[in-house]
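# A structural walkthrough
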Amino acid sequence: QLAKSFQTMVHKLDENDRIRKEFISDVSHDFQSPLLNIKGYAELLMNSDLAEQERTSYAKVIQNETERLSSLTKQLLLLTSLDQLTAPLEVKLFRLDVQLKEIIRRNRWLLEEKGMSLTMDIDEVEFRGDPAFLEKVWENLLSNALKYTENDGLIDIDLVKEKDHAVISFRDNGIGIEDKELTRVFDRFYRADDSRTQEIGGTGLGLSIVQQVVRLHGGMVEVVSNKGIGTTFVVKLPTM
Ligand code: ADP
């Protein structure tokens, strides 16, 4: 019996070690490619006889890659701090509906730029939780709906007050996710194979952050999707 539980323990340690190594390798890889681009384009910029247009376009690459590194670092730091928590950091009573509407308002210009329509049906909900963390959840889900839906698409956001839950859903009519990839989208660094997904910028960390924050609040998040038809993420948060 003792030998068996010892064996299980060793197996768990091996597994943790494997996950840690994989994580470090993913992180390094994700930092490496923007850094190489920054280095390469900075070298090109040092060439004195460049046309103004080339100079601007090289500087733009450097700017974009720097932003990518900055958002990657921010997401990693957030995820690492979330991993160390067993409960939300700062619990406050606040209006979930007001928070959701504020996030939608902040993204109006993006919606307009892409010619997207947004519908919503939002109940009034008083909620006890960590507003700063939950804001990240809505930001990530809305940003994904926007990113993975073609121009002129449709997004629907609902907040329904149930007896002891708040149910928040984000539905889009975008590119969708293959069945076999559905269970993996919450994994760290996972991004669907779809060539269109790969062309769209991202770190594969957003949904891991969503899942961690929702878990800290004792809730759950689910995804339903049909390739080429659309995707719905549903977050269920206990209100009592
Ligand atoms: P990122 O968007 O940075 O790649 P996420 O963790 O937010 O990372 O999402 C992981 C993957 O799940 C995405 O790369 C994409 O393949 C898929 N995905 C997430 N949201 C959607 C959506 N609304 N529609 C289609 N695919 C999605």
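Residues numbered from 1 in each chain as written. Predicted model: local features only at pLDDT ≥ 70, side-chain atom pairs only at ≥ 80, totals over all residues. Heavy atoms only, no water.

Next up on the list: the overall build of the protein. Counting secondary structure elements, the protein contains 8 helices and 7 strands. Dimensions of the protein, computed from the C-alpha atoms along their principal axes, are close to 70 × 60 × 35 Å. Looking at the protein as a whole, 39% of its 240 residues are labelled buried. For the protein, the share of sequence-separated contacts (at least 6 apart) that also reach a separation of at least 24 residues comes to 72%. Entry remark: accessible area of the protein is about 14,600 Å², with carbon and sulfur atoms responsible for 54%. Considering the protein, the positive charge centre built from 31 side chains and the negative charge centre built from 40 side chains are found 4 Å apart. (Helix = DSSP H or I, 4+ residues; strand = E, 2+ residues; numbered from the N terminus. Buried < 20%, exposed > 50% of the residue type's maximum accessible area, 1.4 Å probe, protein only. Contact = heavy atoms within 4.5 Å. Areas by Shrake-Rupley, 256 points an atom, 1.4 Å probe, with all protein chains shown as cover. Lys, Arg positive; Asp, Glu negative; His and termini not counted. Charge placed at Lys NZ, Arg CZ, Asp CG, Glu CD.)

Before going further, it helps to spend a moment on the confidence of the model for the protein. Summary statistics for the protein give a mean pLDDT of 92 and a share of 100% for residues scoring 70 or more. Interface confidence for the predicted complex, expressed as ipTM, amounts to 0.99; the pTM equals 0.87. (pLDDT = per-residue confidence, 0-100.)

Near the ligand, the surroundings consist of 19 residues, among which Tyr-148, Asp-172, Arg-191, Thr-203 and Leu-207 are the closest. For the ligand, an oxygen atom lies 2.9 Å from a polar atom in the side chain of Asn-144. The side chain of Thr-231 places a nitrogen or oxygen atom 3.4 Å from a nitrogen atom of the ligand. Starting from 530 Å² of accessible surface for the ligand in isolation, the protein chains cover 98%. Only α5 (131-147), α8 (206-216) and β7 (230-238) provide two or more residues apiece to the shell around the ligand. Grouping the amino acids of the shell around the ligand by side-chain chemistry returns 8 nonpolar, 8 polar and 3 charged. (Near = heavy atom within 4 Å. Polar contact = N/O pair within 3.5 Å; in protein donor to acceptor, adjacent residues only side chain to side chain. Nonpolar A, V, L, I, M, F, W, Y, C, P; charged D, E, K, R; others polar.)

The subject of this paragraph is the sheet that holds strand β6 (residues 220-226). Pairing between the strands of a sheet is mediated by backbone hydrogen bonds and can be parallel or antiparallel. Spatial ordering of the open sheet is given by β2-β4-β5-β7-β6, a layout of 5 strands whose pairing is mixed. At either end of the open sheet lies a strand with only one pairing partner, and these are β2 (117-122) and β6. Strand-to-strand twist in this sheet, taken as the mean axis angle between neighbours without regard to direction, amounts to 10°. The pairing of strand β5 (residues 165-172) with β7 spans 8 bridges and is antiparallel. What sits directly across from His-165, in β7, is Pro-238. (Pairing = 2+ DSSP bridges. Axes fitted to C-alpha atoms, helices over the stretch in contact; angles between N-to-C directions.)

Considering the arrangement of structural elements, one finds Asp-130 in the loop between β3 (126-129) and α5. There is a polar contact of 3.1 Å between the side chain of Asp-130 and the backbone nitrogen of Leu-89. Those residues in contact with Asp-130 that sit more than four places away from it in its chain are Pro-88, Leu-89, Glu-90, Phe-94 and His-217.

Among the nonpolar cores identified, the biggest contains 49 residues, and Leu-96, Val-137, Trp-138, Ile-155, Ile-168, Val-235 and Leu-237 are the most heavily contacted of them. In terms of residues, this core owes the most to one element, α5, which gives 8 residues. Residues contacting Ile-168, with those up to four places away along its chain left out, are Leu-96, Leu-100, Trp-138, Asp-158, Leu-159, Phe-233, Val-234, Val-235 and Leu-237. (Core = buried A, V, L, I, M, F, W, Y, C linked by side-chain atoms within 4.5 Å.)

Time to look at α5. Between its first and last C-alpha, α5 extends 24 Å over 17 residues, near the 24 Å set by a 1.5 Å rise per residue. When we look at burial in α5, the residues that qualify are Pro-131, Phe-133, Leu-134, Val-137, Trp-138, Asn-140, Leu-141, Leu-142, Asn-144, Ala-145 and Leu-146. Two or three places before Ala-132, at the start of α5, stands the capping residue Asp-130, its side-chain oxygen 3.2 Å from that residue's backbone nitrogen. (Expected span 1.5 Å × (residues − 1).)

As a further point, take helix α2 (residues 52-83). Over its 32 residues, α2 extends 47 Å from the first C-alpha to the last, a length consistent with the 46 Å expected when each residue adds 1.5 Å. All buried positions along α2 are accounted for by Tyr-58, Ile-62, Glu-65, Leu-69, Leu-72, Gln-75, Leu-76, Leu-78, Leu-79 and Leu-82. Tucked inside the fold, the buried residues of α2 contact α1 (2-45), α5 and α8.

Turning next to the packing of α2 against α8. When two helices pack together, their arrangement is given by the angle between their axes and by how far apart the axes lie. Contact geometry of α2 with α8 gives a least axis separation of 10 Å together with a crossing angle of 30°. Between α2 and α8, the crossing angle belongs to the class labelled roughly parallel. Judged by the sense of rotation from one axis to the other, the crossing of α2 with α8 is left-handed. The residues of α8 that touch α2, namely those facing Gln-75, Leu-78, Leu-79, Leu-82 and Asp-83, are Gly-206, Ser-208, Ile-209, Gln-212, Val-213 and Leu-216. Residues that form the contact of α2 with α8 fall into these classes: 6 nonpolar, 4 polar and 1 charged. (Parallel < 35°, antiparallel > 145°, perpendicular 65-115°, else oblique. Left-handed = near helix turned anticlockwise from the far one by under 90°.)

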